[in-house]
Amino acid sequence: MKLGNVLTAMVTPFKVDGSLDLDQAARLAAHLVDIGNDGVVVAGTTGESPTLTDEEKLDLFRAVVDAIGGRATVVAGTGSYNTAHSVHLTKEAEKLGVDGIMAVVPYYNRPPQEGLYQHFRAIAESTSLPVMVYNVPSRTSSNLLPETLARLAEIPNIVAVKEASGSMDQVSEIRRRTPAEFMIYAGDDSLTLPILALGGTGVVSVAGHLVGRRIRAMIEAFQKGDVKTATAIHLELLPVFKAMFITTNPIPVKTAVNMVGIPVGPLRPPMCELTEEQRQALQRVLKEAGLLD
């Protein structure tokens, strides 16, 4: 099952009063496909998933499937730190016609490796959809080890990992231990090219909201063996990649998407606006990248 090379973890549009803006979510999903994304991840961390209710997540999945289903991949963020809850949301998402699900390593309760294995196995066994495991130790306080991921890769519908440990040794070890068809996605835009060099597939991107077409060009150049061009595009995009993390994601990217004229509304607390200094720094980077007049 191919999910695509460039998947953007979509921000969740809200109205001024903080309620969900489903019409704008549909428009944003279509726009992301238009600018070079193979698909979107809905209700991930970038989509402010911790502040979304189950009902809101399901409404989002439905709206995005209606907007781009059949044209691009829709991956639903259904994982949490509760196995039963993750299974429930996965089953509900499957009914809505999503193409795959992404499940994050359980956060806060910090299960041991065997607990992580059982968690993802239960999710995978509850669905016929392809499952992407999301490893992000900086947010979860748990690192899914390569040997555990190798065991999970033996489960037929666990087909991919979004790897955001930041460790190229860990990525190498995952590639060494998993079948060639198992997909490794960068969880950090700036590590896409290094991860491609280690046998990765692509990226679950934040910057894809702004430069999806260029990220796609970078990956295609690399796949054709034109490493020089791929490197040049990587270096060109690096300031944008870095600007997306001047403070906690998704604050910079949501601000940037609003800045470039796509109204996605406010952030939900506990996320807050950029400081004036951060806003000016972001504006500078967007202008230099030709994304703002």
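This structure is a prediction, so every number in the text was calculated from the model and none was measured.

Novice: I'd like a rundown of the overall build of the chain, residues and numbers included.
Specialist: Helix and strand counts for the chain stand at 12 helices and 8 strands. The C-alpha atoms of the chain give a radius of gyration of 18 Å, which matches the 19 Å a tight globule of 293 residues would have. Each principal axis of the C-alpha atoms in the chain carries an extent, and together these give about 50 × 45 × 35 Å. In the chain, which comprises 293 residues, the share counted as buried stands at 55%. Carbon and sulfur atoms form 51% of the exposed surface of the chain, whose accessible area is close to 12,200 Å². Both charge centroids of the chain, one from 27 positive and one from 32 negative side chains, sit 2 Å from each other.

Novice: Tell me about the environment of Ala180, and name the residues and values.
Specialist: Mapped onto the secondary structure, Ala180 falls in the loop between helix H7 (168–177) and strand S7 (183–186). Distance in space between the C-alpha atoms of Ala180 and Gly200 is 9.7 Å, their sequence separation being 20 residues.

Novice: Describe the sheet that holds strand S6 (residues 158–163), with residues and values.
Specialist: Sheet architecture is closed into a barrel: 8 strands sit in the order S1-S2-S3-S4-S5-S6-S7-S8, paired in parallel fashion. For this sheet, the mean angle separating the axes of adjacent strands, direction not counted, is 25 degrees. As paired strands, strand S1 (residues 6–9) and strand S2 (residues 39–42) are joined by 3 bridges and run parallel to one another. The partner of Leu7 across the bridge, within S2, is Gly39.

Novice: Quick rundown of unusual backbone geometry? Include the residues and the values.
Specialist: Following Asn249, the chain continues into Pro250 via a peptide bond in cis, with omega recorded as 15 degrees. Looking at where Pro250 falls in the secondary structure, it is placed in the loop between helix H10 (227–243) and helix H11 (251–259). A cis amide bond links Pro269 to the next residue, Pro270, at an omega of 15 degrees. In the Ramachandran plot, Arg110 falls in the positive-phi region, its phi being about 50 degrees despite a non-glycine side chain.

Novice: Please set out the nonpolar core residue by residue, giving values where relevant.
Specialist: Core analysis: the biggest nonpolar cluster contains 83 residues, and Val98, Phe120, Ile158, Ile215 and Met244 have the highest contact counts within it. Ignoring sequence-local partners within four residues, the contact set of Ile215 consists of Val6, Asp189, Val203, Ser205, Ala207, Gly208, Leu237 and Phe241. Counting 16 residues, the second largest nonpolar core, distinct from the first, contains Met102, Val104, Tyr134 and Val204.

Novice: So, H10: which residues are in play, and what are the values?
Specialist: Between the first and last C-alpha of H10 there are 24 Å, a value that for 17 residues agrees with the 24 Å anticipated at 1.5 Å per step. Of all the positions in H10, only Ala230, Ile233, His234, Leu237, Val240, Phe241 and Ala243 are classed as buried.

Novice: Before we move on, can you summarise the pairing of S1 with the specific residues and values?
Specialist: Judged by which residues are buried, S1 turns out to be covered on both faces: Val6 and Thr8 on one side and Leu7 and Ala9 on the other are all buried. By the bridge criterion, 3 bridges tie S1 to strand S8 (residues 202–205) in an arrangement that is parallel. For Leu7, the partnering residue across the bridge sits in S8 and is Val204. The β-α-β motif built from S1, the intervening helix H1 (residues 22–34) and the parallel element S2 has right-handed crossover chirality.

Novice: Describe the side chain of Lys254, naming the residues involved and giving the relevant values.
Specialist: Looking at where Lys254 falls in the secondary structure, it is placed in helix H11. With relative accessibility at 1%, the residue Lys254 sits in the buried group. Excluding its chain neighbours within four sequence positions, the residues that come into contact with Lys254 are Val11, Thr12, Phe14, Glu48, Val264, Gly265, Pro266 and Leu267.

Novice: Summarise the pattern of salt bridges; cite the residues concerned and give the values.
Specialist: Inspection of every chain in the model, using the stated rule, returns 12 salt bridges. A salt bridge links Asp59 to Arg62, with the shortest nitrogen-to-oxygen separation between them at 2.9 Å. In this pair, Asp59 and Arg62 both sit in helix H2 (residues 54–68), 3 residues apart, roughly one turn of the helix. Relative accessible area serves as the criterion here: at 39%, Arg62 is assigned to the partly exposed category. A salt bridge links Glu125 to Arg121; the shortest N-O distance between them is 2.9 Å. Here the residue Glu125 and the residue Arg121 both occupy positions in helix H4 (residues 113–125), the gap between them amounting to 4 residues, near one helical turn. Residue class for Glu125 comes out exposed when judged on its relative accessible area of 55%. Through salt bridges with shared partners, one network takes in Asp38, Arg216 and Glu220.

Conventions used here
- Residues numbered from 1 in each chain as written.
- Predicted model: local features only at pLDDT ≥ 70, side-chain atom pairs only at ≥ 80, totals over all residues.
- Heavy atoms only, no water.
- Helix = DSSP H or I, 4+ residues; strand = E, 2+ residues; numbered from the N terminus.
- Rg over C-alpha atoms; globule rule 2.2 N^0.38 Å.
- Buried < 20%, exposed > 50% of the residue type's maximum accessible area, 1.4 Å probe, protein only.
- Areas by Shrake-Rupley, 256 points an atom, 1.4 Å probe, with all protein chains shown as cover.
- Lys, Arg positive; Asp, Glu negative; His and termini not counted.
- Charge placed at Lys NZ, Arg CZ, Asp CG, Glu CD.
- Pairing = 2+ DSSP bridges.
- Axes fitted to C-alpha atoms, helices over the stretch in contact; angles between N-to-C directions.
- Core = buried A, V, L, I, M, F, W, Y, C linked by side-chain atoms within 4.5 Å.
- Contact = heavy atoms within 4.5 Å.
- Expected span 1.5 Å × (residues − 1).
- Right-handed = clockwise from strand over helix to strand, strands pointing away.
- Salt bridge = Lys/Arg side-chain N within 4 Å of Asp/Glu carboxyl O.

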